[in-house]
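Spelled out from the first residue to the last, the chains are:
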Amino acid sequence: MNVKIITVLIALTLAACGGSGSGRGSSGTPDPDPGPGDSVDDTAQLRVLSNRPDMVSAGDVLVEVVLENAAAVEELVLTRNGSDVTSVLQATADNPLRLVGVVDGLAVGDNTLSTNIGNDLTVVNHPSGGPVFTGPHIQPWECQDTAADEDCNQPVEYKWLYKSSNPLNGGLLPYDPETPPDDVAMTTTDTGETLPFIVRQEIGYQARDQYTIFTLQKVGEDWTPVQPQSQWNGRLLVTHGGNCRGDHDTESPSTDDYAGTIPGNPLIDQSYITALGSGWSVLSTAQLNLGHNCNLSYQAESLMMAKERFIEQYGELRYTVGTGCSGGAITQNMIANAYPGLYQGLLTTCTYPDVMSTATQFADYHILLRYFKTNMNDPALLARDGTPFTVLQQNEIYGHLNGIVNASLADSALFAEAVDPASSCGGISDEERFDQDTNPGGARCDVLTFMQNMIGQREQFPAEDQLRDHWSQIEKDLGYAFSGFPLGNEGVQYGLIPLQQGIITPSQFLMLNTNIGGLDPSLNVTAERLKPDYPALPNAYRTGILNTVVNMDTVPIINMTGPDPGAAHDSVHGYWVRWRLEREFGNRDNFVHWGGLTPLIGDLTYMSQSLVAMASWLDAIEADTSDAPLAQKIVTNKPASVQDQCSGVPGQMCPEELMLVFGTPRTQAGADKYGDQVQCQLKPFSRADDYGLGNLVWQEADWQKLEQTFATGVCDWSKRPLEWQRTITWLKYQDDLGDVIIGGEQMAPADFPAGWASPAFSKTWVPGWQ
């Protein structure tokens with residue numbers, strides 16, 4: 001008889017004498033001694049723990065077999081494609097009738113796992129390089145120099161690190177177990193265990209990019225997914241990075257709190273180090289750095305694959321919490337809405353809700369900056385009375401006290417680089433890269449091309465327009481369309497509020513709106529207003545790159561903010577998440593807002609403090625074993641200590657004027673406050689007083705110019721944005737043959753992977769899952 005099965009039988013004998021509790025994910029402690037005549041047929045329940053059975057990757061999977069009685073243990077045989085793999089199973093410490101183990105050796109494609117006295121499972125294994133659900137790989141792609149194949153695979157590497165007891169030696173330092181240093185700090189986990197602050201780092205490659213895992217670890221002791229080391233508390237922290245780019249190569253993951261946005265202070269521990277010292281594990285992937293990979297589906301797949309890897313190597317999770325600033329907040333917010341269940345909690349700062357609502361504001365900046373620059377140098381574009389726009393007037397049109405500087409920084413550091421196909425990106429040489437004059441068919445480095453599976457190519461406007469009429473000359477010459485641009489400024493009356501307030505003149509308003517223009521696919525400003533491409537516009541909402549937040553009531557959020565520094569990270573962006581939650585659900589009870597006086601981030605200690613606060617919140621939810629919906633559990637179990645605060649004063653919201661919550665060019669054109677008007681719905685232009693123009697003195701020629709400029713209408717801000725629709729959860733971007741599905745197709749429902757979170761989270765249904 002198998003040695004591990006004998007171990008199980010011994011454990012069963014002990015359990016019969018002293019009893020045992022039920023393990024997580026088990027069906028309780030069954031009778032270990034079946035009565036006379038009981039059958040062992042159909043007494044084993046087999047299921048996958050580390051992922052959905054149809055989305056497994058890298059050739060292995062963590063499974064459990066839950067048995068009804070002791071006789072079943074003796075009879076059990078587990079097979080993989082007909083081969084006996086029973087020996088991988090081990091009894092869990094709290095339930096000897098629950099057997100868990102990693103089955104490896106899976107072939108790419110369908111695999112059958114079977115028990116002789118229970119059920120069979122089909123497990124679909126995908127290559128470690130992917131794709132699993134993202135669709136055909138982005139090409140070209142440059143792997144690291146040490147890669148063993150075109151999927152960038154190479155053997156896993158392990159390093160040892162430690163925290164020094166000398167406060168001047170910040171961060172984690174290299175540790176040699178053979179010659180240990182004499183300044184290793186001690187740490188006490190949140191479960192009360194004290195041990196040396198020594199960390200093992202795992203570095204590997206999945207989804208054609210690097211991942212890393214950190215664990216507080218006892219040197220020389222085993223750690224298995226069935227028997228993790230005692231200092232681990234079952235929690236996982238995931239870190240992210242800022243900006244928004246589309247690199248075509250491998251990179252290292254980001255771990256610092258403000259990676260990609262603010263340099264770290266070496267004298268202040270990053271929150272991931274604080275988490276490690278408390279007994280958390282930490283995970284990050286290069287593709288979770290938005291400044292490296294600005295593609296939501298790739299990010300979600302990378303996180304899913306890395307979580308599967310973690311669970312198979314280290315054990316089942318109680319819950320997963322994300323943390324990050326700027327692009328790190330974007331990633332968390334978008335994934336939580338489009339792929340709910342990957343995170344159980346979010347810690348966001350320097351917050352944006354998503355890629356596309358931010359891009360809309362920055363596109364307006366881009367166009368306005370060039371108009372004002374041209375206006376100052378071209379008398380033909382001055383107002384009728386020859387008046388240029390003052391700094392104050394420009395700032396009012398931008399919607400920001402420091403509008404010119406804010407717009408310039410947003411454009412030069414973020415928007416122009418991200419959307420310009422001729423900008424540089426990792427993995428693409430100068431010779432390969434697009435140039436509209438010398439290499440129009442070259443590789444395009446803009447993020448729209450990078451997310452083409454999600455948004456699609458530029459096709460056509462609604463049916464009355466003709467295919468290719470909207471194509472640029474380059475596209476016509478090449479014979480194919482570039483990736484669609486979801487944004488539009490048709491009907492936007494720039495400067496409407498400043499006009500109504502008497503800050504700009506009617507003549508200035510007229511010249512601005514009749515000359516503002518739009519953009520083409522190569523980021524050139526055009527005379528015509530920008531019309532959004534189809535199917536890119538509806539796909540932006542559908543896929544979640546424009547965050548509708550309609551699925552975000554199932555995740556607790558602590559958002560941290562400080563006064564608006566005028567550095568392209570407007571305080572209002574965090575409020576967009578809050579306001580959209582209030583619009584969709586009538587409340588934002590799952591959203592806690594921490595304000596402080598440190599610009600942008602609120603307080604230097606917030607990231608670590610919020611980690612403790614989120615753990616207390618999730619612990620309380622975890623303890624709620626009722627059948628209540630998860631959204632209700634989040635609100636019901638929010639601790640009294642976890643609430644809005646202003647500079648450390650609990651129960652108070654910082655006034656918006658203290659946080660310098662400014663508007664945008666669209667709110668200054670009359671838009672609502674939610675920031676998701678990528679393209680407004682239109683209503684007919686009128687000389688009436690319904691939006692204030694009729695109260696002003698206009699010449700007949702001016703009216704005619706306005707009527708010509710807004711021939712298709714002006715924005716009706718009282719309505720939802722054009723083509724607004726709910727984000728569809730858990731989209732896949734390839735069919736069974738591996739061909740792309742533009743805009744995605746929702747996956748079939750499936751059991752929530754039990755290893756991803758405790759039952760209070762994992763047994764609660766979320767859209768797209770059962």
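Residues numbered from 1 in each chain as written. Predicted model: local features only at pLDDT ≥ 70, side-chain atom pairs only at ≥ 80, totals over all residues. Heavy atoms only, no water.

## A word on the packing of helix α6 (residues 356–377) against helix α15 (residues 572–585)
Here is the rule: Angles here are taken between N-to-C directions and fall from 0 to 180 degrees, while the axes themselves are lines fitted to C-alpha atoms, restricted in helices to the stretch in contact. Helix and strand definitions here come from DSSP, where helices need a minimum of 4 consecutive H or I residues and strands a minimum of 2 consecutive E residues; each element is numbered from the N-terminal end. Angular relationships are summarised with four words: roughly parallel below 35 degrees, roughly antiparallel beyond 145, roughly perpendicular across 65 to 115, and oblique for the angles in between. We call a crossing left-handed when the near helix sits turned anticlockwise from the far one by less than a right angle, and right-handed when that turn is clockwise. Any two residues whose heavy atoms approach within 4.5 Å are treated as being in contact. In the scheme used here, Gly and all other residues not listed as nonpolar or charged are polar, with Ala, Val, Leu, Ile, Met, Phe, Trp, Tyr, Cys and Pro taken as nonpolar and Asp, Glu, Lys and Arg as charged.
Running from N to C, α6 and α15 cross one another at 130°; their axes reach a closest spacing of 11 Å. Compared by their axis directions, α6 and α15 come out oblique. Considering how the two elements wind past one another, α6 and α15 form a crossing that is right-handed. Residue-level inspection shows Ser357, Thr358 and Gln361 of α6 in contact with α15, the latter providing His573, Trp576 and Arg580. The residue makeup of the contact of α6 with α15, split by class, is one nonpolar, four polar and one charged.

## Comments concerning unusual backbone geometry
The following threshold applies: To sort residues, take the accessible area from a 1.4 Å probe on protein chains only and compare it with the maximum for the residue type: under 20% means buried, over 50% means exposed, and anything in between is partly exposed.
Along the chain, Gln139 connects to Pro140 via a cis peptide bond; the corresponding omega equals -10°. Tracing the backbone shows Pro140 in the loop between β9 (120–126) and β10 (157–162). Of note, the phi angle at Ala207 is positive, near 50°, even though the residue is not glycine. Tracing the backbone through its elements, the reader meets Ala207 in the loop between β14 (198–206) and β15 (209–216). Ala207 gets classed as buried once you look at its relative accessible area, which sits at 8%.

## Digging into the nonpolar core
The condition that has to hold: As used in this record, nonpolar core signifies buried Ala, Val, Leu, Ile, Met, Phe, Trp, Tyr and Cys residues forming a set joined through side-chain atoms within 4.5 Å.
Within the largest apolar cluster, 118 residues are counted, with the highest numbers of intra-cluster contacts made by Tyr339 and Met356. Beyond its immediate stretch of four places on either side in the chain, Tyr339 contacts Phe133, Leu296, Ser297, Ala300, Met334, Trp730, Leu731 and Tyr733. Counting 41 residues, the second-largest nonpolar core is a separate cluster that includes Leu195, Tyr258, Trp280 and Ile621.

## As for the sheet that holds strand β4 (residues 78–80)
In any sheet, the strands associate via hydrogen bonds between backbone groups, in a parallel or an antiparallel arrangement. What counts here: Whether two strands pair depends on DSSP finding at least two bridges between them.
Judged by pairing direction, the sheet is mixed, and its five strands sit side by side in the order β2-β9-β8-β4-β5 without closing on themselves. Each edge of the open sheet carries a strand with a single partner, namely β2 (56–57) and β5 (83–84). Bridge count for β2 against β9 is two bridges, and the pairing is parallel. Each bridged residue has a counterpart across the sheet, and for Val56 the counterpart in β9 is Asn125.

## Comments concerning the environment of Trp594
In this structure, Trp594 sits in strand β23 (residues 591–595). Overall, Trp594 belongs to the buried group, its relative accessible area being 4%. As a C-alpha pair, Trp594 and Asn166 span 428 residues in sequence and 31 Å in three-dimensional space. Once you skip the residues sitting within four places of it in the chain, Trp594 turns out to touch Ile558, Asn559, Met560, Thr561, Tyr606, Gln609, Ser610, Ala613, Gln643, Asp644 and Gln645.

## Digging into the environment of Asp627
Within the secondary structure layout, Asp627 lies in the loop between α16 (606–622) and α17 (630–636). Judged by relative accessible area, which is 80%, Asp627 ranks as exposed. In sequence terms Asp627 and Gly675 are 48 residues apart; their C-alpha atoms lie 36 Å from each other.

## Structural notes on empty space enclosed by the protein
Put simply, the rule is: Residues are said to line a cavity or pocket when one of their atoms sits within 4 Å of a point; the points come from a 1 Å grid over protein atoms alone, cavities being sets where a 1.4 Å probe fits but cannot get out and pockets being open sets with protein on both sides within 12 Å along at least five of seven lines. Grid points are joined across faces, edges and corners, and a volume is the space filled by probe spheres set on the points.
Counted by the stated rule, this structure contains seven cavities of 30 Å³ or more. Here the largest cavity defines a volume of roughly 240 Å³. Around the largest cavity sit 22 residues that line it, and Cys244, Val355, Thr358, Phe362 and Ala418 are the ones nearest its centre. Among the elements of the structure, α5 (327–338), α6, α8 (403–419) and α9 (447–450) are those that each provide at least two residues to the lining of the largest cavity. Estimates place the volume of the second largest cavity at around 120 Å³. Trp576, Thr664, Arg666, Gly675 and Gln677 are, among the 13 residues lining the second largest cavity, the residues nearest its centre. Ranked by residues supplied to the lining of the second largest cavity, first place goes to α6 with four residues. Classifying every residue of the lining of the second largest cavity gives two nonpolar, seven polar and four charged.

## Here we look at the side chain of Asn513
With respect to the secondary-structure elements, Asn513 resides in helix α13 (residues 506–515). In contact with Asn513, other than residues within four places in its own chain, are Val492, Gln493, Tyr494, Arg529, Thr709 and Phe710.

## Some thoughts on the state of the cysteines
Worth spelling out the cut-off: Counting rule for disulfides: a pair of cysteine sulfur atoms within 2.5 Å.
Evaluation of the coordinates by the stated rule reveals six disulfides. Covalently, Cys244 is tied to Cys294 through a disulfide, its sulfur atoms 2.0 Å apart. Here Cys244 and Cys294 share a disulfide; its torsion about the S-S bond, -85°, makes the bridge left-handed. Here Cys294 lies in the loop between β17 (281–285) and α4 (296–314) and Cys244 lies in the loop between β16 (235–239) and α3 (271–277), a separation of 50 residues in the sequence. With respect to class, Cys244 is no different from Cys294; both count as buried. Across a sulfur-sulfur distance of 1.9 Å, Cys325 and Cys350 are joined as a disulfide pair. A torsion of -105° about the S-S bond marks the disulfide between Cys325 and Cys350 as left-handed. One end of the pair, Cys325, is in strand β18 (residues 319–325); the other, Cys350, is in the loop between β19 (345–349) and α6, with 25 residues separating them in the sequence.

## Regarding the pattern of salt bridges
Our working rule: The term salt bridge refers to a pairing of a side-chain nitrogen on Lys or Arg with a carboxyl oxygen on Asp or Glu at a separation within 4 Å.
This model, assessed by the stated rule, comprises 28 salt bridges. In this structure, Asp411 and Arg370 form a salt bridge, with 3.1 Å as the shortest nitrogen-oxygen distance. Linking Asp411 in helix α8 with Arg370 in helix α6, this pair joins segments that are 41 residues apart in sequence. In this structure Asp411 comes out as buried when scored by relative accessible area, which is 5%. Across the pair Arg458 and Glu475 runs a salt bridge whose closest N-O atoms are separated by 2.9 Å. With Arg458 in the loop between α10 (452–455) and α11 (473–478) and Glu475 in helix α11, this residue pair connects regions lying 17 residues apart in the sequence. Summarising the burial analysis for this pair, Arg458 and Glu475 share the class buried. Several salt bridges share partner residues, and in doing so they unite Asp190, Arg235, Arg318, Asp619 and Glu622 into one network.

## Notes on the pairing of strand β29 (residues 740–746)
Bridge count for strand β28 (residues 731–734) against β29 is three bridges, and the pairing is antiparallel. Looking across to β29, one finds that Lys732 is bridged to Glu745. What sits between β28 and β29 in their antiparallel hairpin is a turn of five residues, with Gly738 showing a positive phi close to 90°.

## Some words on the packing of aromatic side chains
So the rule is basically this: Note on ring pairs: Phe, Tyr and Trp rings are taken, using the six-membered ring of Trp, and paired if centres are within 6.5 Å. Classes follow the plane angle, with under 30 degrees stacked, over 60 edge-to-face and the rest tilted.
Under the definition given, this model contains 28 aromatic pairs. Note on Phe362 and Tyr365: the rings are 5.8 Å apart at their centroids and 15° apart in plane angle, and the pair reads as stacked. A residue pair is termed a helical-turn pair when its members lie 3 or 4 positions apart in one helix, as Phe362 and Tyr365 do in helix α6 at three residues. No difference in accessibility class separates Phe362 from Tyr365, as the two residues are buried.

## Details of a negative patch on the surface
Counted only if it meets this: The residues that make up patches have over 30% relative accessible area and no salt bridge, and they are joined within 9 Å when like-charged or within 5 Å when they are Val, Leu, Ile, Met, Phe, Trp or Tyr. To be clear on the numbers: accessible area is Shrake-Rupley with a 1.4 Å probe, and residue cover counts the displayed protein chains and nothing else. We treat Lys and Arg as the positive residues and Asp and Glu as the negative residues; His and chain ends play no part in the count. Here the site of a charge means NZ on Lys, CZ on Arg, CG on Asp, or CD on Glu.
On the surface, a cluster of negative charge is contributed by Glu142, Asp145, Glu431 and Glu432. Note on placement: Glu432 falls in the loop between α8 and α9.

## Concerning α8
The following threshold applies: Each helix should span, by expectation, one fewer than its residue count multiplied by 1.5 Å. The quantity called bend is, for any residue, the angle between two axes fitted respectively to the seven residues ending at it and the seven beginning at it.
With 17 residues, α8 should reach 24 Å at 1.5 Å per residue; the first-to-last C-alpha distance of 21 Å falls well below that figure. At Asp411, α8 shows its maximal kink, close to 50°.

## Points about a nonpolar patch on the surface
Where nonpolar side chains cluster on the molecular surface, the patch consists of Leu168, Leu267, Ile268 and Leu604 and spans about 420 Å² of accessible area. Position of Ile268 relative to the elements: it lies in the loop between β16 and α3. You can call Ile268 partly exposed: its relative accessible area is 31%.

## Focus: α13
Of all 10 residues in α13, seven are buried; the element is thus mostly enclosed. Among all positions of α13, only Ser507, Gln508, Phe509, Leu510, Met511, Leu512 and Asn513 are buried. Each element contacted by the buried residues of α13 is listed here: α6, α7 (391–398), α12 (496–500) and α18 (700–709). Just beyond α13, the residue with positive phi is Gly517, at close to 75°.

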